[in-house]
Amino acid sequence: MSLNRRQFAAAPLGLLLPALASAAPANTSGEIPSLAEAFGSRMRFGSAVTAEQVRDPKLAAFIARQFSILVAENAMKPQSLSRGEGRYDFSDADTIADFAHQQGLPLRGHTLVWHNQTAAWMFTENGAEVSRATLIARMERYIADVVGHFRGRVLSWDVVNEAFVFGEAGVETDGDGMRMSPWRRIIGPEFIEIAFRAAAKADPHALLFYNDYESQAPQKVAAIRKMAQGLRAKGVRIDGIGHQMHCARAWPPVADVAAAIDAIAADGLKQHVTELDIALNDQVTGTTVKAATEELLKAQAQRYSELMTLFMSRRDKVSAVLVWGIGDAHSWLLNWPRARFEAPLLFDAQLKPKPAYYAVLEAANASAHAAP
Ligand code: G3I
């Protein structure tokens, strides 16, 4: 039996019992409260997922119970979708989009234009680097095809991802802090405007976001705001900013995150927290932590609490928060920058709730009694 969220809420208990029994993933209590329900209409709370996860009935039930918004971790990136000019493999992405649609869960579309996980063919032509005009035409076609394919199933698109970078060794930028990606180098800084125009044309109803990491850092906040203001001054639609929020226990300062949210909200832009996780290792490049000790898990929970309390206090400005993975068995941090121990999410490798889960649950419940 498969029930969507609305049917689930309305179903008599006798009908639900078999569904609940099959919904409990191995080693996971079906009894723990649903984060989606705890946040209710006060915040969309979600996760990145893979097609493999949503094809597994137990994991699918877990995801549908705990989360109220989804994003594909990799399945909607150009590298996953594109098979050459005008050729696509939408199978994994459609699995996720159809699941979200059936469950009544909004879906974030991630991502259209990025320097990473892109489609290699886009940048070459007759064995040489592609011309500016051809690259623009290819980008426009890719966006029209992909956004068109998912029209009606995507709440918001990360139209451009990670275009700015400040102070990263070995990363070349232009004078405005824009990353010298192939997009920027071949097309020029206006690649952002071209991408947003194409996305707006392909789906007038999907929200159009710019998404980045370290988006609380003052220099990056300034660059993002300038870019968004520039687009709007030209009449180009940009609806919101995504804060990835890949955090460590002591970084970034909560005050910086608060200031960034307030500054971006002052420009009238919507905001989502798009990829939240909190590494146990002190630095993103560190590999010193070897196990999830009680002390570390407590400190991590405290960080989730501080951040979620902040987001809930600004829920008039931030309308969705998504973690970057459902449990510690599967996180990009296990393999980046090299294989290491990490446990950055709310559920452990067996999907048992961690102190971090209870911290988030508490922040959700507390927000019921506090105005934004
Ligand atoms: O699909 C191939 C598989 O065929 C191959 O056998 C295997 C061997 O390495 O690699 C697989 O690809 C991996 C891919 O994830 C799918 O699992 C890549 O190596 C791996 O680099 C890739 O990592 C992803 C990363 O983006 C790439 O930059 C992570 O899963 C994904 O979580 C991460 O997500 C990004 C966001 O999109 C943007 N913000 C930062 C965030 C974390 O890096």
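Residues numbered from 1 in each chain as written. Predicted model: local features only at pLDDT ≥ 70, side-chain atom pairs only at ≥ 80, totals over all residues. Heavy atoms only, no water.

> Please clarify how the overall build of the chain should be interpreted in this entry.
Scanning the chain for helices and strands turns up 14 helices and 11 strands. The C-alpha radius of gyration of the chain comes to 20 Å, within 12% of the 21 Å expected for a compact globule of 372 residues. Of all 372 residues assigned to the chain, the portion counted as buried reaches 55%. In the chain, the proportion of contacts linking residues at least 24 apart, taken out of those at least 6 apart, comes to 76%. Here the chain holds 39 positive side-chain charges and 40 negative ones, and the gap between their average locations is 3 Å. (Helix = DSSP H or I, 4+ residues; strand = E, 2+ residues; numbered from the N terminus. Rg over C-alpha atoms; globule rule 2.2 N^0.38 Å. Buried < 20%, exposed > 50% of the residue type's maximum accessible area, 1.4 Å probe, protein only. Contact = heavy atoms within 4.5 Å. Lys, Arg positive; Asp, Glu negative; His and termini not counted. Charge placed at Lys NZ, Arg CZ, Asp CG, Glu CD.)

> Is there a simple way to explain the environment of Asp328 in this structure?
In this structure, Asp328 sits in the loop between strand E11 (318-323) and helix H14 (355-367). Taking C-alpha positions, Asp328 is 10.0 Å from Phe341, a pair spaced 13 residues apart along the chain. In this structure Asp328 touches Leu334, Ala343, Pro344, Leu345, Phe347, Asp348, Ala349 and Lys354, once residues within four positions along its chain are discounted.

> Can you walk me through the site of the ligand in this structure?
Around the ligand there are 14 residues in total, and Glu73, Lys77, His110, Glu275 and Trp324 lie nearest to it. Between a nitrogen atom of the ligand and a side-chain N or O atom of Gln244, the distance comes to 3.0 Å. One of the side-chain N or O atoms of Glu275 is found 2.7 Å from a nitrogen atom in the ligand. For the ligand, the accessible surface in isolation is 780 Å², of which the surrounding protein chains cover 47%. Residues belonging to the shell around the ligand are distributed by class as follows: 3 nonpolar, 7 polar and 4 charged. (Near = heavy atom within 4 Å. Polar contact = N/O pair within 3.5 Å; in protein donor to acceptor, adjacent residues only side chain to side chain. Areas by Shrake-Rupley, 256 points an atom, 1.4 Å probe, with all protein chains shown as cover. Nonpolar A, V, L, I, M, F, W, Y, C, P; charged D, E, K, R; others polar.)

> Before we go on, may I ask you to explain the packing of aromatic side chains in this structure?
Between two aromatic rings, the relevant description is the distance of the centres plus the angle of the planes. Tallying each qualifying case throughout the model produces 12 aromatic pairs. Ring centres 6.1 Å apart and planes at 45 degrees place the aromatic pair Tyr88 and Tyr142 in the tilted group. A residue pair is termed long-range when its members are at least 10 positions apart, and Tyr88 in the loop between helix H6 (78-81) and helix H7 (91-103) and Tyr142 in helix H8 (residues 132-149) qualify at 54 residues. A relative accessible area of 22% means that Tyr88 is categorised as partly exposed. (Phe/Tyr/Trp six-rings, centres within 6.5 Å; stacked < 30°, edge-to-face > 60°.)

> I keep staring at unusual backbone geometry and nothing clicks. Help me out?
The phi torsion of most residues other than glycine is negative, and most of the peptide bonds are trans. Put simply, His110 and Thr111 share a cis peptide bond, and its omega is -5 degrees. Position of Thr111 among the secondary structure elements: in strand E3 (residues 107-113). Going from Trp251 to Pro252, the amide bond is cis rather than trans, its omega being 0 degrees. Unlike most non-glycine residues, Asn126 shows phi in positive territory, near 50 degrees. Structurally, Asn126 is set in the loop between strand E4 (124-125) and strand E5 (128-129). The phi dihedral of Met245 falls on the positive side, at around 65 degrees, and the residue is not glycine. Locating Met245 in the fold gives a position in the loop between strand E8 (240-243) and strand E9 (246-248). Among the residues examined, Met245 registers a relative accessible area of 3% and is labelled buried.

> Would you mind going over the side chain of Thr118 with me for this structure?
For Thr118, the position within the fold is in the loop between E3 and E4. Leave out the neighbours within four places in its chain, and Thr118 touches Pro78, Gln79, Phe123 and Trp183.

> Just to check I follow, could you spell out the pairing of strand E1 (residues 44-49) for this structure?
Along any regular strand the residues' side chains alternate between the sheet's two faces. With 5 of its 6 residues buried, E1 lies for the most part within the structure. Bridge count for E1 against E11 is 4 bridges, and the pairing is parallel. Pairing of Ser47 across the sheet is with Val323, part of E11. In this sheet, strand E2 (residues 69-72) lies alongside E1 in parallel orientation, the contact comprising 4 bridges. Following the sheet pairing, Val49 is matched in E2 by Ala72. (Pairing = 2+ DSSP bridges.)

> Please explain the pairing of E3 as it appears in this structure.
Counting buried residues in E3 gives 7 out of 7 residues, a clear majority hidden from the surface. Note that E2 and E3 share 2 bridges and pair parallel. Looking at E3, one finds that Val71 is bridged to Arg108. Relative to strand E6 (residues 156-161), E3 runs parallel, the two sharing 4 bridges. Note that in E6 the partner of Arg108 across the bridge is Ser156.

> Teacher, can you tell me more about the side chain of Asp267 here?
Relative to the helices and strands, Asp267 is located in the loop between helix H12 (254-266) and strand E10 (270-279). Beyond its immediate stretch of four places on either side in the chain, Asp267 contacts Arg225, Gln229 and Arg232.

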